[in-house]
Amino acid sequence: MRNLTQPDLVLLAFAREAQEKAYAPYSKFRVGAAVYTADGETFTGVNIENAAFGATICAERSALAAAVSAGYTDIAAVAVVGDSTAPTVPCGCCRQALAEFNPEMRVIMGGQRDDVMVMTLDELLPEAFVRGYLDQDENA
Ligand code: THU
């Protein structure tokens, strides 16, 4: 666990605001996310469910898609807020997707209570499979 900073709270507020736009008619579990880029830009996303459940996209990956689509690939932090009482943690698939863009990014997690959890992505996903593994020379 890391100490909560003022910028963490700002990013969390973006995620909380985005959460209102979640499209979750099936699970009713609304999630909002916000990514903060190294350039100081913020992009938000929500979970977008689908009648074909497997086509659902999580909030973290939808925020990531917004950032990358706008040309920002250097991600410093991500905040996620879900409908759980305790802080909502990113699912395994989102951890992997985020690791592509910075395995050491800050992850700020909130729920419906006031307590907030702050960790780094490599704490949440140790030994992530990253692009270096695809390069035979870096594979050792
Ligand atoms: N969900 C997210 O948006 N992010 C996560 O990290 C965990 C799960 C969404 C997917 C689905 O719409 C709902 O929460 C219930 O699993």
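Scroll up to find the structure this text is about.
Worth saying up front: this structure is predicted, and the values here are computed from it rather than measured.

Asker: Explanation requested: the sheet that holds strand β3 (residues 75–82) in the structure shown.
Answerer: Hydrogen bonds between backbone groups are what pair the strands of a sheet, and the pairing can be parallel or antiparallel. Ordered by their spatial adjacency, five strands build an open sheet running β2-β1-β3-β4-β5, and the pairing between neighbours is mixed. The two strands at the open ends of the sheet, each matched to only one other strand, are β2 (42–46) and β5 (116–120). For this sheet, the mean inter-axis angle between neighbouring strands, taken without regard to orientation, is 15 degrees. Summarising the sheet, β3 and strand β4 (residues 106–110) pair through five bridges and their orientation is parallel. Paired with Ala77 across the two strands is Arg106, which belongs to β4.

Asker: Where do I start with the side chain of Ser62 in this structure?
Answerer: The residue Ser62 is located in helix α2 (residues 59–69) in this model. Ser62 gets classed as buried once you look at its relative accessible area, which sits at 14%. With sequence-adjacent residues up to four places away left out, Ser62 is seen in contact with Thr44, Gly45, Val46 and Ile57.

Asker: Quick question: what am I supposed to make of the pairing of β5 here?
Answerer: Across a regular strand the side chains alternate sides, sitting on one face of the sheet and then on the other. Along β5, four of the five residues are buried, which leaves the element largely enclosed by surrounding structure. In this structure, β4 lies alongside β5, joined through five bridges in antiparallel fashion. Note on β5: the bridge partner recorded for Val107 is Met119. In sequence, β4 turns back onto β5 through a hairpin of five residues.

Asker: Can you help me understand the nonpolar core in this one?
Answerer: Here is a general trend for soluble globular proteins: nonpolar side chains tend to be buried in one another's company. Grouped together as the largest cluster of nonpolar side chains are 20 residues, with contacts concentrated most on Val35, Met105 and Val107. Among the elements that make up this core, the one with the highest residue count is α2 (four residues). Those residues within four positions of Val107 in sequence are excluded, and the remaining contacts are Val78, Pro90, Met117, Val118, Met119, Thr120, Leu121 and Leu124. Judged by nonpolar contacts, the second largest core, of 10 residues, contains Ala77, Ala79, Val81 and Val118.

Asker: Is there a simple way to think about the environment of Ala59 in this case?
Answerer: Inspection of the secondary structure assignment puts Ala59 in helix α2. When its relative accessible area of 0% is taken as the criterion, Ala59 is described as buried. A C-alpha to C-alpha distance of 9.1 Å links Ala59 and Ala15, two positions 44 residues apart in sequence. Sequence-distant contacts of Ala59, that is, excluding residues within four places in its chain, are made with Val31, Gly32, Ala33, Gly45, Val46 and Asn47.

Asker: How should the site of the ligand be read in this particular structure?
Answerer: Every residue near the ligand is listed here: Ser27, Phe29, Val31, Asn47, Glu49, Thr56, Cys58, Ala59, Glu60, Val89, Pro90 and Cys91. For the ligand, an oxygen atom lies 2.5 Å from a polar atom in the side chain of Glu49. When the ligand sits alone it has 370 Å² of accessible area, and the protein chains cover 78% of it. Among the residues forming the shell around the ligand, the class breakdown is seven nonpolar, three polar and two charged.

Asker: What is the right way to read helix α3 (residues 92–99) from this model?
Answerer: Quick reminder: α-helices carry 3.6 residues per turn. Residues three or four places apart thus point the same way. Those residues of α3 lying buried are Cys94, Arg95, Leu98 and Ala99. All buried residues of α3 lie within an arc of 135 degrees about the axis, which places them on one face of the element. In this structure, the buried residues of α3 make contact with α2, β3 and α4 (121–124).

The rules behind the values
- Residues numbered from 1 in each chain as written.
- Predicted model: local features only at pLDDT ≥ 70, side-chain atom pairs only at ≥ 80, totals over all residues.
- Heavy atoms only, no water.
- Pairing = 2+ DSSP bridges.
- Helix = DSSP H or I, 4+ residues; strand = E, 2+ residues; numbered from the N terminus.
- Axes fitted to C-alpha atoms, helices over the stretch in contact; angles between N-to-C directions.
- Buried < 20%, exposed > 50% of the residue type's maximum accessible area, 1.4 Å probe, protein only.
- Contact = heavy atoms within 4.5 Å.
- Core = buried A, V, L, I, M, F, W, Y, C linked by side-chain atoms within 4.5 Å.
- Near = heavy atom within 4 Å.
- Polar contact = N/O pair within 3.5 Å; in protein donor to acceptor, adjacent residues only side chain to side chain.
- Areas by Shrake-Rupley, 256 points an atom, 1.4 Å probe, with all protein chains shown as cover.
- Nonpolar A, V, L, I, M, F, W, Y, C, P; charged D, E, K, R; others polar.
- Arc of directions from axis to C-beta.

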